[in-house]
Every structure is written in structure tokens, then in C-alpha cells.
Amino acid sequence: MNGSVAGGGYAEEIISLTRRPSGLGFNIVGGTDQQYIANDNSIYVSWIKKDGAAYLDGRLQEGDKILAINGKELKDLRHRDAVELFRNAGCYVSLKIQRRLQPQNGPVGHGGDGESGGLPLAAILVPGLALAAAAVWVLLRYRQRM
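Residues numbered from 1 in each chain as written. Predicted model: local features only at pLDDT ≥ 70, side-chain atom pairs only at ≥ 80, totals over all residues. Heavy atoms only, no water.

1. Comments concerning unusual backbone geometry
(1) Moving on: At Asn39, a position not held by glycine, the phi torsion is positive, near 60°.
(2) Moving on: Even without being a glycine, Asn70 presents a positive backbone phi close to 50°.
(3) Moving on: Among the secondary structure elements, Asn70 is positioned in the loop between β5 (65-69) and β6 (72-73). (Helix = DSSP H or I, 4+ residues; strand = E, 2+ residues; numbered from the N terminus.)

Right under this line is the structure:
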């Protein structure tokens, strides 16, 4: 991510989006009247619409804190006032966001996106259980012949 690392494991980034006919393509939560996180009035991205402007751009992520829109800080706003700012932001929208950095001590290639990058557990367990069942069956058949 291009941006500056802020204190405490956070990074900030400016993301420019072009509004599509369906909007910017994401939902927000938070505000002074609908705190998403206790004692935090910030505005967060709650959902990104597939094939929407934010999704196609690829940089905005669910859980990102939106610090400003078109240079206007989103501090101490009610939820509906924040929604109105987004609705009236125009065709070209600049978002200043903050994202918690993912720890880099996981397996290589793990981007912290919920994907392990490896085989699903079922892909290992199912064949393993089938082999174990076959081995038990062969053992029991062999014992019956003795």
C-alpha cells in the first residue's frame, strides 16, 4: 500500500474514486449516534459492492477507517450526515483512509485477507480418512482369512 505508516501499526492512504451510476460501491458504518466501535465516532467501510467503483479500484477494504472525503475530515459526525457527505461528494471523490497493518509473521504469501494460501483442511482430511478406512477394511479382511 502506498501511504505513510502512522504510529501504532496503522497506514494512511489517499484513494481517488470515480462515481459510477450506482454510486461509489460501498457502505459505511459509524458516527456519533451509531458507534461501530465503542467510544469511537469514526466512519468505517462496512461492505464493498462487487463490481462497484471501490471494488474495481481494488484499494479500499472493508474495515478501513475513512478519515476524510474530498479534504473534509469526518470527525464527530452523525451517521446520516456522513452519508450525505458521500452522496454529495461529486463524481470524483478523494478518500483519506486509515488501515491497521497486518502482522508479517504468518506464512509466506499470506496477505491477511482470510485466505490461507494453502489447501483447505477438508482436502487433506477426506482423502486421509478414506485411506484409513480402506486400511482398516483390508486389515479386518486379512484377519478373517487367518
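2. So, the environment of Thr32
(1) Moving on: You can see Thr32 is positioned in the loop between β3 (26-30) and β4 (43-48).
(2) Moving on: When residues no more than four places from it in sequence are discounted, the contact partners of Thr32 are Asn41, Asp76, Leu77 and Arg78. (Contact = heavy atoms within 4.5 Å.)

3. Focus: the side chain of Ser42
(1) Moving on: Tracing the sequence through the fold places Ser42 in the loop between β3 and β4.
(2) Moving on: Judged by its relative accessible area of 15%, Ser42 is buried.
(3) Moving on: Polar contacts involving the side chain of Ser42 include one to the side chain of Asp40, which spans 2.6 Å.
(4) Moving on: Ignoring anything within four residues of it in the chain, the contact list for Ser42 reads Val29, Gly30, Gly31 and Lys65. (Buried < 20%, exposed > 50% of the residue type's maximum accessible area, 1.4 Å probe, protein only. Polar contact = N/O pair within 3.5 Å; in protein donor to acceptor, adjacent residues only side chain to side chain.)

4. Details of the packing of aromatic side chains
(1) Moving on: The final tally for this structure, using the stated rule, is 2 aromatic pairs.
(2) Moving on: A ring pair is formed by Phe26 and Phe86, whose centres lie 5.7 Å apart and whose planes are at 90°; its orientation type is edge-to-face. Taken together, the residues span a long stretch of sequence, with Phe26 in strand β3 and Phe86 in helix α2 (residues 79-87) at a distance of 60 residues.
(3) Moving on: Phe26 gets classed as buried once you look at its relative accessible area, which sits at 12%.
(4) Moving on: Between the aromatic rings of Tyr36 and Tyr44, the centroid separation amounts to 5.4 Å while the plane-to-plane angle is 45°, which identifies the pairing as tilted.
(5) Moving on: Among the residues examined, Tyr36 registers a relative accessible area of 49% and is labelled partly exposed. (Phe/Tyr/Trp six-rings, centres within 6.5 Å; stacked < 30°, edge-to-face > 60°.)

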